[in-house]
Amino acid sequence: MAKSARPRAANPRSSAPKPAAVAASVPDVSAALSSPVEDDATFALRSLQQAHANNKRYDASDAELLKFYEQMVLIRRFEEKAGQLYGLGLIGGFCHLYIGQEAVAVGLQSALNEGHDSVITGYRDHGHMLAYGIDPKVIMAELTGRGAGISRGKGGSMHMFSTEHKFYGGHGIVGAQVSLGAGLAFAHKYREDGGVCMAYFGDGAANQGQVYETFNMAALWKLPIVFVVENNGYAMGTAVKRGSAETHFYRRGTAFRIPGMPVNGMDVLEVRQAAEVALEYVRGGNGPVLMELNTYRYRGHSMSDPAKYRSREEVQEMRDKHDPIEGAKQELLKRGVSEDAIKDIDKKIRQQVAQAADFAESSPEPDMAELYTDVLVETY
Amino acid sequence: MTKMMYRDAVLSTIMEEMARDPDVVVLGEDVVGGMGTAGGPEAIGGIWSTSTGLYDRFGPGRVIDTPISESAIVGAAAGLALSGKRPVAELMFADFIGVCLDQLWNQIAKFRYMFGGKSRCPAVIRMAYGAGFNAAAQHSQSVHQILTGMPGLKVVMPATPADVKGLLRTAIRDDDPVIFLEHKALYATSGDVPDDPDFMIPFGHARLCRAGGDVTIVSTGLLLGMCEAAADRLAAEGIGCDVIDLRTTSPLDEETILDSVEVTGRLVVVDEAPPRCGLAADLRALVAEKAFSSLKAPPLQVTPPHTPIPFARELESAYLPSVDKIEDAVRRVLAWR
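Counting restarts for each chain, with residues numbered from 1 along the sequence as it is written. Labels follow written order: the first chain is A, the first ligand is 1, and so on. Reporting in this predicted model follows two pLDDT cut-offs: at least 70 for local features of residues, and 80 or more for side-chain atom pairs to be given and counted; totals over whole chains, interfaces and linings ignore these cut-offs and use all residues. In computing side-chain properties, one takes all heavy atoms of the structure into account and sets aside hydrogens as well as water.

With that settled, consider the interface of chain A and chain B. Between two residues, a contact is recorded if the distance between any of their heavy atoms is within 4.5 Å. Between chain A and chain B, the contact holds 41 residues from the first and 38 residues from the second. For the pair chain A and chain B, the summed buried area comes to about 3200 Å², and 64% of that belongs to carbon and sulfur atoms. Taken as a group, Ile-173, Arg-242 and Leu-371 of chain A account for 21% of the area that chain A buries against chain B, more than any other trio of residues on that side. Should a side-chain nitrogen of Lys or Arg be within 4 Å of a carboxyl oxygen of Asp or Glu, the pair is scored as a salt bridge. Linking chain A to chain B there are one salt bridge. Using a 1.4 Å probe, buried area is obtained as the accessible area two parts lose upon being combined, added over both of them.

Right under this line is the structure:
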């Protein structure tokens, strides 16, 4: 990955001929302009990349790695089950699965204080909720549109929210959550509670104008926010290179003096270590960080997308060589963790997901009166 | 006549107009949607299959996959149109007008007036609208109410493949900005479409789908099918309904509505948008003002409740107008004194 090895252009001022002495009566405007040299010294643009490059992977204990593995398997099995229920017609509407991207949410959110730091994302939201400890039952029941669902069956797959967990949704308009994230971060700063906001968006959303309005404000006000681009290679059906002029999304904060970090989003330990670096900077009151997590979705954009815009071989290659769960499993085995311990986790997760699905299928439909509730805090 | 689906009527009209006029260009998210640049059979051709094959025929200069940037899509379409092109821009979901409302409302709709008639903005902005797919609050809305309220836009809501053909052709050849609203649930419906390569339906001319004489029902888009079904049920009991398809909400064919209400004295407006400050309220005010002496009952409306659109299937069904609800409204308007 390209780091700071790029040769720096010579400072034009140092090589340019000295201007003639200005007459005393003319105000010296150059003093009002900051020196580019001084500027570079205070600009932390590449420092976080360097810090991450120096120490790429998180030094997890066996127990921690087992926990990461468990959370990733939970997301994978949950999403597979959701895909099945969708196929059976038990889930309607849109359903965007997180399969393949598990290491991102797990690696990043394991570094947050659950229930204290806030998280916000787009419509591919199941994984982020599961990684933040939200009960799979109420998520699955929302997918099936039941009264016991986390949004009482009114939101569905794309719209879920939990104030207790400080998970702020679940948003369907591409990119809108990024601006909302700035508000969440502003509240952390205002309350001086030490919390940060993690705002996720995709490589597609990275082309929405409001993302850049938000970058500017967040940097200007030094908001405690981590912007996370989950670059899975495709903005719906359009490959990144066909829809983005700058495909290295971590560089897109440069114009706003936001340091960026490219991260391998298929390795949970690398993700976690990158989160440590980013969070130390943000919690230190230095303002936002922009992380680009390079990842891959194995399924289509949504359940109705046959994903014909990419080859089977491409998907198979990612599954075979870069699968985050398989990677964590191999790492556990290498460390001498027993295969039985891993199998126990797999079994436990299968049960948990089966219970969530049973709950989601057997709990009652919403009461018809729910159509009219929750429009306002008050009523009309 | 050729039998074709609503979505194919959209596609074939765009294709014919692109072939006829080199100034017609198409842009939108995933309108090519394939791997690489060749388009080809693996390309999506838009999630609604309304641009399939355009890229192969007209190439990258005229069929443009955009980033997910609605403001810039509509803004670029407006700029293209101001300089003489005829862009057909697509917003994947009508709900996304929220992202680009400024370009629609403050820019496109106002150019001609505020520039003293010096500019033309022949842009067509197509978008898929409507509920019924459990797509929840941000992917199901009917937005004609908002756009119809903006002076400077024309708003079209075709209900049949033939109307798609005739109205979309008019839209593309029109010198004013046109919002072209396609109901998602109609894409797979079929109907006969005239083969005349210049078949056009003028804006502001409503279609009388049923003539009955007892009650006037006015609607648009998908809901006309429900209105006709309700009219058929009632006809079996000897109750005759005039069913009027507005086709365009702006301009509005007042005459057809008023002519019908002057005979029936009873009006039911059926709309998929929320009940307040919308098409249904507007039309009821129209007849109250201009056909007051003909009215035999207060005009009624069948709309969703004043709530966002719920996700769960049962809630969404309860939210939407239905044949039963329309039939009930007709009975109520007839029973009034």
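Now that the structure has been shown, the text picks up again.
Looking now at the nonpolar core. Residues Leu-108, Met-261 and Met-291 of chain A are the most contacted members of the largest nonpolar core, which totals 77 residues. Excluding its chain neighbours within four sequence positions, the residues that come into contact with Met-261 of chain A are Leu-48, Gln-49, His-52, Tyr-250, Ala-274, Val-277, Ala-278, Val-289, Leu-290, Met-291 and Glu-292 of chain A. Membership of the second largest hydrophobic core comes to 70 residues, among which are Phe-201 and Leu-290 of chain A together with Ala-9 and Val-88 of chain B. Here, the term nonpolar core denotes a set of buried Ala, Val, Leu, Ile, Met, Phe, Trp, Tyr and Cys residues that are joined through side-chain atoms within 4.5 Å. Each residue is placed in one exposure class: buried if its accessible area under a 1.4 Å probe, protein chains only, is under 20% of its type's maximum, exposed if it is over 50%, and partly exposed if it falls in between.

Let us now look at the pairing of strand 8 (residues 289-294) of chain A. All names here are of chain A. Secondary structure elements follow DSSP: runs of H or I of four or more residues count as helices, runs of E of two or more count as strands, with numbering from the N terminus. The buried fraction of strand 8 amounts to five of the six residues, a majority that puts the element mostly inside the structure. A pair of strands is labelled paired if DSSP reports no fewer than 2 bridges between them. Where strand 4 (residues 225-231) meets strand 8, six bridges bridge the pair, whose relative direction is parallel. In the strand pairing of strand 8, Val-226 is matched with Val-289. Convention used here: a crossover is right-handed provided that the path from the first strand, over the helix, to the second strand proceeds clockwise when the strands point away from the viewer. Taking the sense of rotation as the criterion, the β-α-β connection linking strand 7 (residues 260-264), helix 11 (residues 268-283) and strand 8 turns out right-handed.

With that settled, consider the packing of helix 1 (residues 6-20) of chain B against helix 7 (residues 161-173) of chain B. Residue and element names in this part refer to chain B. In contact at an axis separation of 9 Å, helix 1 and helix 7 are set at 30 degrees when each is read in the N-to-C sense. Taken as axis vectors, helix 1 and helix 7 run roughly parallel relative to one another. Where helix 1 crosses over helix 7, the two elements pack in a sense that is right-handed. Note on element contacts: helix 7 touches helix 1 through Pro-161, Val-164, Lys-165, Leu-168, Arg-169, Ile-172 and Arg-173, opposite Tyr-6, Ala-9, Val-10, Ser-12, Thr-13, Ile-14, Glu-16, Glu-17 and Arg-20. Looking at the contact of helix 1 with helix 7, its residues break down into eight nonpolar, two polar and six charged. Geometry is summarised by axes, namely lines fitted to C-alpha atoms with helices restricted to the contacting stretch, and by angles between N-to-C directions that run from 0 to 180 degrees. Orientation is classified from the angle alone, with under 35 degrees giving roughly parallel, over 145 giving roughly antiparallel, 65 to 115 giving roughly perpendicular, and any other angle giving oblique. Each helix crossing is assigned a hand: it is left-handed if the near helix lies turned anticlockwise from the far helix by less than a right angle, otherwise right-handed if that turn is clockwise. Charged means Asp, Glu, Lys or Arg here, nonpolar means Ala, Val, Leu, Ile, Met, Phe, Trp, Tyr, Cys or Pro, and polar covers whatever is left, Gly included.

This part is about the domain arrangement of chain B. Residues and elements named next belong to chain B. When cut into domains, chain B gives domain 1 (2-193) and domain 2 (207-335). Here the bounds of each domain stem from an automatic or database domain assignment. Each of domain 1 and domain 2 has a C-alpha centre, and these two points are 27 Å apart. Listed as interface residues are 27 residues of domain 1 and, on the opposing side, 27 residues of domain 2. Counting each side, the surface lost to burial between domain 1 and domain 2 is near 2100 Å², with a carbon and sulfur contribution of 54%. It is Asn-134, Gln-145 and Met-157 in domain 1 that bury the most area against domain 2; as a group they hold 29% of the surface buried on that side. At the junction of domain 1 with domain 2, the criterion picks out two salt bridges. Among the ionic pairs, Arg-207 bridges to Asp-163, the shortest N-O distance being 3.6 Å. Definition of a polar contact: a pair of N or O atoms within 3.5 Å, with one able to donate and the other able to accept a hydrogen when the atoms are protein atoms, and with sequence-neighbouring residues admitted only if both atoms are side-chain atoms. Counting across the interface, domain 1 meets domain 2 through 16 residue pairs in polar contact (both at pLDDT 80 or more). For the side of domain 1 that touches domain 2, the secondary-structure elements that each account for two or more residues are helix 6 (144-148), strand 6 (154-156) and helix 7.

Tracing the backbone shows Leu-88 of chain A in the loop between helix 4 (62-87) and helix 5 (102-109). For Leu-88 of chain A and Pro-262 of chain A, which are 174 residues apart along the polypeptide, the C-alpha to C-alpha distance reads 39 Å.

All names here are of chain A. The residues that make up patches have over 30% relative accessible area and no salt bridge, and they are joined within 9 Å when like-charged or within 5 Å when they are Val, Leu, Ile, Met, Phe, Trp or Tyr. Where accessible areas are quoted, they stem from the Shrake-Rupley method and a 1.4 Å probe; at the residue level, only the protein chains shown are allowed to cover. A grouping of Phe-186, Tyr-190, Met-217, Leu-220 and Trp-221 is seen on the molecular surface, where their side chains present a nonpolar patch of about 580 Å² in accessible area. Looking at the nonpolar patch, the elements that each hand over two or more residues are helix 8 (176-191) and helix 9 (209-220). Relative to the elements of secondary structure, Trp-221 occurs in the loop between helix 9 and strand 4. Trp-221 sits in the partly exposed class, given a relative accessible area of 36%.

We now examine the sheet that holds strand 7 (residues 178-183) of chain B. Residue and element names in this part refer to chain B. The mixed open sheet is built from seven strands, whose spatial order is 3-2-4-5-7-6-12. Looking at which strands have only one partner, the edges of the open sheet turn out to be strand 3 (63-66) and strand 12 (248-250). This sheet shows a mean twist of 20 degrees between the axes of neighbouring strands, independent of strand direction. Both strand 5 (residues 124-129) and strand 7 contribute to a ladder of six bridges, which runs parallel. Looking at the pairing, Val-124 lines up with Val-178 of strand 7. Against the sheet, helix 4 (residues 97-108) makes contact with strand 4 (86-91), strand 5 and strand 7, and its axis sits at roughly 145 degrees relative to strand 5, the strand it touches most.

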